[in-house]
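A closer look at the structure
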Amino acid sequence: MWQGFLNLNKDAGMTSHDCVGAVRRLLKEKRVGHGGTLDPMATGVLPLAVGNMTRLLPYLQEGKGYRATVRLGVQTNTDDLEGEIIRQESAAHLTLTQVRTALSQFIGTIEQTPPQYSAIRQGGKHLYELARAGVVVAVPPRQVEIYTITVVNWQTGEFPEVVLDVTCGGGTYLRALARDLGTALGSCGTLAGLMRTRSGGFDLSQSLTLEEVRLALETSTFKLQSPVGVLNHLPLAQLDEDGAQALCFGQRVTWFGASGLMQVWQKDQFLGIARCEKQRLQPVTILGSPV
């Protein structure tokens, strides 16, 4: 029985649900979940949890990194090149200096209106379901956090493209950033390419494609990552046998250490997540009991 985390490098054209299904079949394990949806056109890091570790997905490290290609002078109904072009005009007059100036207004805590085609639910249905049915709804803006935007490349032309490295908080839509950047430049814009380079503490450089997972399974070299590395942003509470037993029975345990969310261990056995307040550990998500 598989238990652990997988840093998957998602292929283009697959939904996040497709990836979950593929890993379920490869590992013959029903309990597989992902830690953050990626659009079908996007590639890159898709954190997956297997077995009981699916219960730990809410505790993954915050913050995401992307490499995004924005095409200016083009607007689509999905805010990426997967959609139908609804506006197209030459943006050859735009300069890199203008782009850098416009980008500065998107750094920090900003209000962003998600795309009409998104997985956000409204009235019990996903926005993309409503959009495909021809139902146009008012999507309320929400606050998102963009930490840094770095220009990686600039390509001139009738429809110039700028490649950006973006670090941001959860819930940020790069498609919306591409759209809004075009508007800020007095033109329009759409997302022409997207690769997630970091998510949930997982980095692209250490990710595996589905094909690499399959080959590793065939050669018996495949391993899932344990929570000790994945949750290293949380302080560690090491309990003795009595304390571990009490916590797993739902009791509070005295703890003279860091406060807030903690990963809890008894020797080399991971027990789960607890919260420390006023020197008392309160169980939050307990996966097992000490042996």
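Residues numbered from 1 in each chain as written. Predicted model: local features only at pLDDT ≥ 70, side-chain atom pairs only at ≥ 80, totals over all residues. Heavy atoms only, no water.

What to know about the overall build of the protein chain
For clarity, the cut-off: The way it works is that DSSP assigns letters per residue, a run of H or I at least four long becomes a helix, a run of E at least two long becomes a strand, and they are numbered from the N terminus. Three labels apply to residues, based on accessible area from a 1.4 Å probe with only protein chains included: buried if under 20% of the type maximum, exposed if over 50%, partly exposed otherwise in between. For the accessible areas, the method is Shrake-Rupley and the probe is 1.4 Å, while residue cover comes only from the protein chains on display. Positive charges come from Lys and Arg, negative ones from Asp and Glu, while His and the chain ends are left out of the count. To locate a charge, the coordinates of NZ of Lys, CZ of Arg, CG of Asp or CD of Glu are taken.
A count of helices and strands for the protein chain gives 7 helices and 18 strands. In terms of its C-alpha atoms, the protein chain occupies a principal-axis envelope of roughly 70 × 45 × 40 Å. Expressed as a percentage of the 291 residues in the protein chain, the buried residues total 48%. Accessible area of the protein chain: about 14,300 Å², with a carbon and sulfur share of 49%. Side chains of the protein chain carry 27 positive and 26 negative charges; the gap between the two charge centres is 6 Å.

Description of the layout of surface pockets
Stated precisely, the cut-off is as follows: Note on definitions: the grid is 1 Å and covers protein atoms alone; a cavity is a set of points where a 1.4 Å probe fits but cannot get out; a pocket is an open set with protein on both sides within 12 Å along at least five of seven lines; lining residues have an atom within 4 Å of a point. Grid points are joined across faces, edges and corners, and a volume is the space filled by probe spheres set on the points. Under the grouping applied here, Gly and all other residues not named as nonpolar or charged are polar, the nonpolar ones being Ala, Val, Leu, Ile, Met, Phe, Trp, Tyr, Cys and Pro and the charged ones Asp, Glu, Lys and Arg.
For the second largest pocket, the calculated volume is near 190 Å³. What lines the second largest pocket is simply G35, L57, P58, L60, Q61, E62, G63, K64, G169, G170, S199 and G200. In the lining of the second largest pocket, the residues fall into 3 nonpolar, 7 polar and 2 charged.

Some remarks on the pattern of salt bridges
Using the following cut-off: Definition used for salt bridges: Asp or Glu carboxyl oxygen within 4 Å of a side-chain nitrogen of Lys or Arg.
Tallied over the entire structure, the rule returns 10 salt bridges. Of the charged contacts, one joins R175 and D39 as a salt bridge, the two residues approaching to 2.8 Å between their closest N and O atoms. With R175 in helix α4 (residues 174-184) and D39 in the loop between β2 (32-34) and β3 (43-50), this pair connects stretches of sequence that are 136 residues apart. We classify D39 as partly exposed; its relative accessible area is 22%. Linked by salt bridges that have partners in common, D79, R179 and D180 make up one network.

Some thoughts on the pairing of strand β17 (residues 269-277)
Using the following cut-off: Being paired, for any two strands, means DSSP has found at least two bridges between them.
Counted residue by residue, β17 has 7 buried out of 9 residues, so it is predominantly covered. Note that strand β16 (residues 260-266) and β17 share 7 bridges and pair antiparallel. Considered in β17, the bridge of V264 is made with G272. In textbook terms, the turn of a hairpin is the stretch between consecutive antiparallel strands, and for β16 and β17 this stretch comprises 2 residues, one of which, K267, has a positive phi near 60 degrees.

Section: the packing of helix α1 (residues 16-27) against helix α5 (residues 210-218)
Going by this rule: Angular values range over 0 to 180 degrees, each being the angle between N-to-C directions of two axes fitted as lines to C-alpha atoms, with helices fitted over their stretch in contact. Convention used here: angles under 35 degrees read as roughly parallel, angles over 145 as roughly antiparallel, angles from 65 to 115 as roughly perpendicular, and any remaining angle as oblique. In this description, contact between two residues means that some pair of their heavy atoms is separated by no more than 4.5 Å.
At their nearest, the axes of α1 and α5 sit 11 Å apart, and the two run at 5 degrees to each other. Regarding the angle of α1 to α5, the classification is roughly parallel. Residues A22, V23, L26 and L27 of α1 form the contact with α5, whose own contacting residues are L210, V213, R214 and L217. Tallied by class, the residues present in the contact of α1 with α5 amount to 7 nonpolar, no polar and 1 charged.

Here's the deal with the environment of F202
With respect to the secondary-structure elements, F202 resides in strand β13 (residues 202-203). Separated by 154 residues in the primary sequence, F202 and L48 have C-alpha atoms spaced 10 Å apart. Setting aside its immediate chain neighbours within four residues, F202 contacts F5, N7, V45, P47, L60, T197, Q225 and V230.

A look at the sheet that holds β16
Strand pairing in a sheet is mediated by backbone hydrogen bonds. Such pairs are either parallel or antiparallel. Pairing is mixed in the open sheet, where 5 strands are placed in the order β14-β16-β17-β18-β15. The sheet is open, and its two edges are formed by β14 (236-238) and β15 (253-254), each paired on a single side. Pairing analysis gives 3 bridges linking β14 to β16, with the strands arranged parallel. By the bridge assignment, L236 is partnered in β16 with Q263. Those strands touched by helix α7 (residues 241-248) are β15, β16, β17 and β18 (280-286), and its axis lies near 60 degrees from that of β18.

Section: the packing of aromatic side chains
Defined as follows: Between rings of Phe, Tyr and Trp, where Trp is taken as its six-membered ring, a pair exists when centres lie within 6.5 Å; planes separated by under 30 degrees are stacked, by over 60 edge-to-face, and by other angles tilted.
Using the criterion set out here, one finds 3 aromatic pairs in the structure. Between W2 and F222, the aromatic rings sit 5.3 Å apart at their centres with planes inclined by 65 degrees, giving edge-to-face as the arrangement. Of this pair, W2 sits in the segment before β1 (4-10) while F222 sits in the loop between α5 and α6 (227-230), and the two are 220 residues apart along the sequence. The class of W2 is partly exposed, set by a relative accessible area of 28%. Taking 5.2 Å as the distance between ring centres and 65 degrees as the angle between the ring planes, the aromatic pair formed by W265 and F270 counts as edge-to-face. Residue W265 is classed as buried on the basis of its relative accessible area, which comes to 9%.

Let's talk about the pairing of β3
The buried count for β3 comes to 7 of 8 residues, which makes it a mostly enclosed element. As defined by bridge partners, β1 adjoins β3 across 7 bridges and the pair is classed as antiparallel. Considered in β3, the bridge of L6 is made with L48. Relative to strand β12 (residues 189-199), β3 is paired through 2 bridges, and the arrangement is parallel.

On their own, these measurements won't tell you what the molecule is for.
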